[in-house]
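An overview of the molecular structure
In case you want the letters, here they are:
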Amino acid sequence: MTGQPRLDDHLQRYSETSSHAPAVAAAVDAIAMASIEIADLIGTGELADAAGVTTGHNSDGDLQRNLDVQADAILRRCLAGLPIAALASEEMREPQIGDREGRICVAIDPLDGSSNIDVNMTVGTIFSILPTPDDPGLAFRQRGSSQLAAGFITYGPQTSLVLTLGDGVDIFVLDRRSGCFRLARGAVQISEACEEFAINAANRRHWDPPVRAFVDECLAGVEGPANHNFNMRWIGSLVAEIYRILTRGGVFLYPSDARPGYGDGRLRLTYEAHPMAFIVEQAGGSASTGRERILDLAAQTLHQRVPLVMGSSNEVRRVEELHCDPLLAASVSAPLFARRGFFRL
Ligand code: AHG
Ligand code: MN
Ligand code: MN
């Protein structure tokens, strides 16, 4: 592995390409350094100081683990002093205002999938880097298509950094002997063939008819309109699901559903859906709410949720088609039909 190009060399070359690029490169480098510390902490598992202990609730009402809070603190420490105008985190109610002259703004999910920590499954860090708008108060209300860079780190068997700087997707793996990230896969493309779907099927009775219809088509396999068989996977960790889709194709869904508080699904637009959508599109896939392209959306509030369907383009398009189907679409808004289940499709 020692012959593979290093992340810092890659960032150095990129930093000469535009006026924003030096700040973006510095932020990605700082997040990569933070992730090495976070990986060490997570790798210590139950030997770490109260790894799984809960400390309270974040601004979205989720249970906060000790590691959520520690990962957030490590990232903020590593990003301190960089030309960043505003920093938003899942773990902070409001963005933290930084360098008034800063050219970029950064949004982070310090630890994604943190309910998986106790069971020794892959978790991760997600980040999105935006240009500073004229009114810094609007920093996190930009469309997803404004992102300059996005990425995520997976803390699994390997610690991997998936990165887009707006020109394709590269995957770097942490070389533990030299303590740096090295390129493992360049110009990653999501395969056209989609043989796996990922959704929390326990929520089936709460889904809208277009989502139920899509999953039914997947389950019907060769005997249905999809005309091929699928496997199902659900890890409960967005970073792990998207890493798998970047590796061997597939589609991921966290749709809106009828449970209280899930009218816009579960995942947050600014620091989950936007960066993942940027990565997936840069790898040739698609990301949608089922009705609209994720990167066309701009958040109204920092922690707002959004229904999310992403991965292989053909399947995402199929989900969108089902949302346009007049019969299925009409039944979404007819409570007795769609949600109470008297007339299940
Ligand atoms: P986070 O730990 O940052 O709150 O995110 C967890 C997310 C995501 O990773 C995963 O896809 C989803 O929540 C799992 O939700 P369910 O618990 O509903 O399966
Ligand atoms: Mn998350
Ligand atoms: Mn999180």
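The structure displayed is predicted, hence computed values, not measured ones. (Residues numbered from 1 in each chain as written. Chains lettered and ligands numbered in written order. Predicted model: local features only at pLDDT ≥ 70, side-chain atom pairs only at ≥ 80, totals over all residues. Heavy atoms only, no water.)

**Structural notes on the overall build of the chain**
Along the backbone of the chain there are 9 helices and 15 strands. Going through the 345 residues of the chain one by one, you find that 54% of them count as buried. Expressed as a percentage of contacts within the chain between residues at least 6 apart in sequence, the contacts between residues at least 24 apart total 61%. If you sum the accessible surface of the chain, you get close to 14,900 Å²; carbon and sulfur atoms cover 50% of it. (Helix = DSSP H or I, 4+ residues; strand = E, 2+ residues; numbered from the N terminus. Buried < 20%, exposed > 50% of the residue type's maximum accessible area, 1.4 Å probe, protein only. Contact = heavy atoms within 4.5 Å. Areas by Shrake-Rupley, 256 points an atom, 1.4 Å probe, with all protein chains shown as cover.)

**Some remarks on the coordination of the manganese ion (ligand 2)**
Taken together, Asp109 (OD), Asp112 (OD) and Glu272 (OE) make up the full set of protein donors to the manganese ion (ligand 2), lying 1.9 to 2.2 Å away. All donors to the manganese ion (ligand 2) come from one chain, and their sequence spacing reads D-x2-D-x159-E. Separating the manganese ion (ligand 2) from the manganese ion (ligand 3) is a gap of 3.7 Å, which Asp109 spans by donating to each of them. You can see Asp112 sitting in strand S5 (residues 104–112) and its partner Glu272 sitting in helix H6 (residues 269–282), a full 160 residues away along the chain. There is no split in this pair, since Asp112 and Glu272 are both buried. (Donors = N, O, S within 2.8 Å, 3.2 Å for Na, K, Ca; no water.)

**Brief notes about the sheet that holds strand S11 (residues 196–198)**
Spatially, 5 strands are ordered S12-S11-S13-S15-S14 in an open sheet, and the strand pairing comes out mixed. In this open sheet, the two strands that pair with only one neighbour each are strand S12 (231–232) and strand S14 (286–288). Both S11 and strand S13 (residues 251–254) contribute to a ladder of 2 bridges, which runs parallel. When the bridges of S13 are listed, Ala198 appears paired with Phe252. (Pairing = 2+ DSSP bridges.)

**Comments concerning the coordination of the manganese ion (ligand 3)**
Protein-derived coordination of the manganese ion (ligand 3) comes from Glu90 (OE), Asp109 (OD) and Leu111 (O), at a distance range of 2.1 to 2.2 Å. Look at Leu111 and you get buried, because its relative accessible area is 2%.

**A look at the nonpolar core**
A general trend in soluble globular proteins is that nonpolar side chains are found buried together. Among the nonpolar cores identified, the biggest contains 42 residues, and Val106, Leu111, Phe127, Ile129 and Leu163 are the most heavily contacted of them. Among the elements that make up this core, the one with the highest residue count is helix H2 (residues 21–43) (14 residues). Beyond its immediate stretch of four places on either side in the chain, Leu111 contacts Ile38, Ile42, Leu67, Asp68, Ala71, Glu90, Ile117, Val123, Gly124 and Tyr155. Membership of the second largest hydrophobic core comes to 35 residues, among which are Ile171, Ile190, Leu238 and Val306. (Core = buried A, V, L, I, M, F, W, Y, C linked by side-chain atoms within 4.5 Å.)

**Topic: the sheet that holds strand S4 (residues 96–97)**
The 8 strands are arranged S4-S3-S5-S6-S7-S8-S9-S10 in an open sheet whose pairing can be described as mixed. Looking at which strands have only one partner, the edges of the open sheet turn out to be S4 and strand S10 (180–185). As paired strands, strand S3 (residues 84–89) and S4 are joined by 2 bridges and run antiparallel to one another. Note that in S4 the partner of Leu87 across the bridge is Gln96.

**Considering helix H1 (residues 7–14)**
Restricting attention to buried positions, one finds in H1 the residues Leu7, Leu11 and Tyr14. One side of H1 carries all its buried residues, which in axial view fall inside an arc of 60°. At its buried positions, H1 is contacted by H2, strand S8 (159–164), strand S9 (169–175) and S10. (Arc of directions from axis to C-beta.)

**Here's the deal with the site of ligand 1**
Near ligand 1 lie 18 residues; those nearest to it are Asp112, Gly113, Leu238, Tyr254 and Arg266. Between ligand 1 and the protein, one listed contact pairs an oxygen atom with a side-chain N or O atom of Asp112 at 3.0 Å. One of the side-chain N or O atoms of Arg268 is found 3.1 Å from an oxygen atom in ligand 1. In isolation ligand 1 offers 470 Å² of accessible surface; the protein chains occlude 86% of this area. Looking at the shell around ligand 1, the elements that each hand over two or more residues are S5 and S13. Of the residues that constitute the shell around ligand 1, the class distribution is 6 nonpolar, 5 polar and 7 charged. Counting residues domain by domain, the shell around ligand 1 receives three or more from each of domain 1 (7–185) and domain 2 (196–333). (Near = heavy atom within 4 Å. Polar contact = N/O pair within 3.5 Å; in protein donor to acceptor, adjacent residues only side chain to side chain. Nonpolar A, V, L, I, M, F, W, Y, C, P; charged D, E, K, R; others polar. Domains from an automatic or database assignment.)

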